[in-house]
Amino acid sequence: MEQVVIIGTGCAGLTAAIYTARANLSPLVLTGCQPGGLLTTTSIVENFPGFPEGIDGFELMQKLQKQAEHFGARIKFGHLDSVDFSGQPHKLVVDGDPVETRTLIVATGSSPRGLGLASEHALEKHGVTYCATCDGALPQFRNQPLVVVGGGDSAVEEATYLTRFASQVYLVHRRDALRASAIMEHRALHHPKIKMVWNSVVTEVLDVAQKKVTGVRLKNITTGEMSTLACAGLFVAIGHTPNTKVFGGAIETDEHGYVKLRGATGTNIPGVFAAGDVADSVYRQAITAAGTGCAAAMDAERFLETLDNP
């Protein structure tokens, strides 16, 4: 019988592991299909407190894992197959094996929606990114033209943020009008550094041979015209998909798939808590994920106390 099972080894999951391990709960931490979470795909993290020179995303996650293991967390490479929340304890199936736990912390994160291009995938960490706040200030992007793909509030926020560093920001959208809110649309259309590229889609990211982004190929979906736009970075902002499918609807989510929280980290299932990007559609930062991981750990510990002292 496990006291705490944590699903996910990003900042939220590993912070929860550190706190529950220090509480002598010996948490079992499942890595999921992407050990270390999305931060492992970021080359340099410059906005995580305590690293004035920045730190490689993979290295940061390794440090967090070692810290959790130092206090007694057990990290297991495993994939959650199914859950049964019909009673206490909660029943999980992990890689075909049954696991029972009194509490569960869901830190499965969210996955950015990509363009589905082979060149996009090949140039991740080499100029293709999915988070302007995370990567926009990197030296390779400063005083360079940058491309943002998307048409909603997130895309406009990314584009506006990048104007602090870029020489020019091109906002590529497949329609002839933004889907963003009126105030966000006004910011984009009237910003001197943002240039709209309407009715267009990215068909290829250049240049895989050079292992860095040098531009994008565009197709105007109205005229069929092809063109090339020089840039030093491609920021894809077409939304995120929370990783909640495995729970089969047992955990209540909003219309976009993010876990609905009750209180700080609670869910509709007693003893099941959520932390990080799986429940955060607003901030999606490493440090906010770590903070909610701490909160979920403390909430789980308090829940266990109520079970032992009803």
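Refer to the structure printed above.
All of these numbers come straight from a predicted model, not from anything done at the bench.

1. Describing the packing of aromatic side chains
Moving on, step 1. Throughout the structure, instances matching the rule amount to four aromatic pairs.
Moving on, step 2. Note on Phe48 and Phe51: the rings are 6.4 Å apart at their centroids and 45° apart in plane angle, and the pair reads as tilted.
Moving on, step 3. Classification of Phe51 by relative accessible area gives partly exposed; the value is 24%.
Moving on, step 4. Above the plane of the ring of Phe71 lies Arg22, whose end atom (NZ or CZ) is 5.5 Å from the centre.

2. Regarding the pairing of strand S13 (residues 194-197)
Moving on, step 1. Bridging between strand S12 (residues 168-172) and S13 involves four bridges; their strand directions are parallel. Paired with Val169 across the strands is Ile194, a residue of S13.
Moving on, step 2. Note on the crossover from S12 through helix H6 (residues 182-190) to S13: the handedness is right-handed.

3. So, the state of the cysteines
Moving on, step 1. Taken as a whole and assessed by the stated rule, the structure comprises one disulfide.
Moving on, step 2. Shown here is the disulfide that connects Cys131 with Cys134, its sulfur atoms set 2.2 Å apart. One disulfide, between Cys131 and Cys134, carries an S-S torsion of 70° and so falls in the right-handed class. Of the two residues examined, Cys131 and Cys134, each falls in the buried class.
Moving on, step 3. Unpaired in this structure, Cys11 has its nearest cysteine sulfur neighbour in Cys134, at a distance of 10.0 Å.
Moving on, step 4. Free of any disulfide, Cys294 has its nearest neighbouring cysteine sulfur in Cys11, separated by 13 Å.

4. Looking at the packing of helix H1 (residues 11-22) against helix H7 (residues 286-308)
Moving on, step 1. As a packed pair, H1 and H7 sit with axes 7 Å apart at the nearest point and diverge in direction by 35°. Note on packing geometry: the crossing formed by H1 with H7 is right-handed. Counted together, Cys11, Ala12, Thr15, Ala16, Tyr19 and Thr20 of H1 and Ala286, Ala289, Ala290, Gly293, Cys294, Ala297 and Met298 of H7 form the full contact between these two elements.
Moving on, step 2. Class assignment for the residues of the contact of H1 with H7 results in 10 nonpolar, three polar and no charged.

5. Focus on the nonpolar core
Moving on, step 1. Formed by 32 residues in total, the largest nonpolar core has its most connected members in Ile6, Cys11, Leu39, Met61 and Ile105.
Moving on, step 2. At the level of elements, strand S1 (2-7), H1, helix H2 (57-70) and H7 are the ones that each hand at least two residues to this core.
Moving on, step 3. Residue contributions to this core peak at eight residues, all from H7.
Moving on, step 4. With residues up to four places along the chain from it excluded, the contact list for Ile105 reads Val4, Val5, Ile6, Ile7, Ala16, Thr20, Phe273, Ala296, Ala297 and Ala300.
Moving on, step 5. Membership of the second largest hydrophobic core comes to 24 residues, among which are Tyr161, Leu162, Phe165 and Val169.

6. What about the sheet that holds strand S15 (residues 215-220)?
Moving on, step 1. With antiparallel pairing, three strands are arranged side by side in an open sheet as S14-S15-S16. If you trace the sheet from one side to the other, it starts and ends with strand S14 (200-206) and strand S16 (226-230), each paired once. Looking at each pair of strands side by side, their axes are set apart by 30° on average, direction ignored.
Moving on, step 2. By the bridge criterion, five bridges tie S15 to S16 in an arrangement that is antiparallel. Looking at S16, one finds that Lys219 is bridged to Met226.

7. Details of the environment of Leu304
Moving on, step 1. Position of Leu304 among the secondary structure elements: in helix H7.
Moving on, step 2. Residues Leu304 and Val4 lie 300 residues apart in sequence; the distance between their C-alpha atoms is 9.1 Å.
Moving on, step 3. Those residues within four positions of Leu304 in sequence are excluded, and the remaining contacts are Gln3, Val4, Leu25, Arg102 and Thr103.

8. Here's the deal with empty space enclosed by the protein
To find leftover empty space, one rolls a probe the size of a water molecule over the atoms.
Moving on, step 1. Under the counting rule described, the total for this entry stands at one cavity of 30 Å³ or more.
Moving on, step 2. As a volume, the largest cavity reaches approximately 40 Å³.
Moving on, step 3. Together, Leu39, Val45, Glu46, Asn47, Cys134, Gln285 and Ala286 line the largest cavity.
Moving on, step 4. Residue classes in the lining of the largest cavity are distributed as four nonpolar, two polar and one charged.

9. What to know about the pairing of strand S17 (residues 233-236)
In regular strands, side chains alternate between the two faces of the sheet.
Moving on, step 1. Here S17 shows no split at all, with Gly233 and Phe235 on one side and Leu234 and Val236 on the other all buried.
Moving on, step 2. Examined bridge by bridge, strand S10 (residues 128-129) and S17 share two bridges and lie parallel to one another. Paired with Thr129 across the bridge in S17 is Phe235.
Moving on, step 3. Of the pairings in the sheet, the one linking strand S11 (residues 145-149) to S17 comprises four bridges and is parallel in character. Bridge assignment links Val148 to a residue of S17, and that residue is Phe235.

What counts, and where the lines are drawn
- Residues numbered from 1 in each chain as written.
- Predicted model: local features only at pLDDT ≥ 70, side-chain atom pairs only at ≥ 80, totals over all residues.
- Heavy atoms only, no water.
- Phe/Tyr/Trp six-rings, centres within 6.5 Å; stacked < 30°, edge-to-face > 60°.
- Buried < 20%, exposed > 50% of the residue type's maximum accessible area, 1.4 Å probe, protein only.
- Lys NZ or Arg CZ within 6 Å of the ring centre and 35° of its normal.
- Pairing = 2+ DSSP bridges.
- Helix = DSSP H or I, 4+ residues; strand = E, 2+ residues; numbered from the N terminus.
- Right-handed = clockwise from strand over helix to strand, strands pointing away.
- Disulfide = S-S within 2.5 Å.
- Axes fitted to C-alpha atoms, helices over the stretch in contact; angles between N-to-C directions.
- Left-handed = near helix turned anticlockwise from the far one by under 90°.
- Contact = heavy atoms within 4.5 Å.
- Nonpolar A, V, L, I, M, F, W, Y, C, P; charged D, E, K, R; others polar.
- Core = buried A, V, L, I, M, F, W, Y, C linked by side-chain atoms within 4.5 Å.
- 1 Å grid on protein atoms, 1.4 Å probe; cavity = no way out; pocket = protein on both sides within 12 Å on 5 of 7 lines; lining within 4 Å.
- Points joined across faces, edges and corners; volume = space filled by probe spheres on them.

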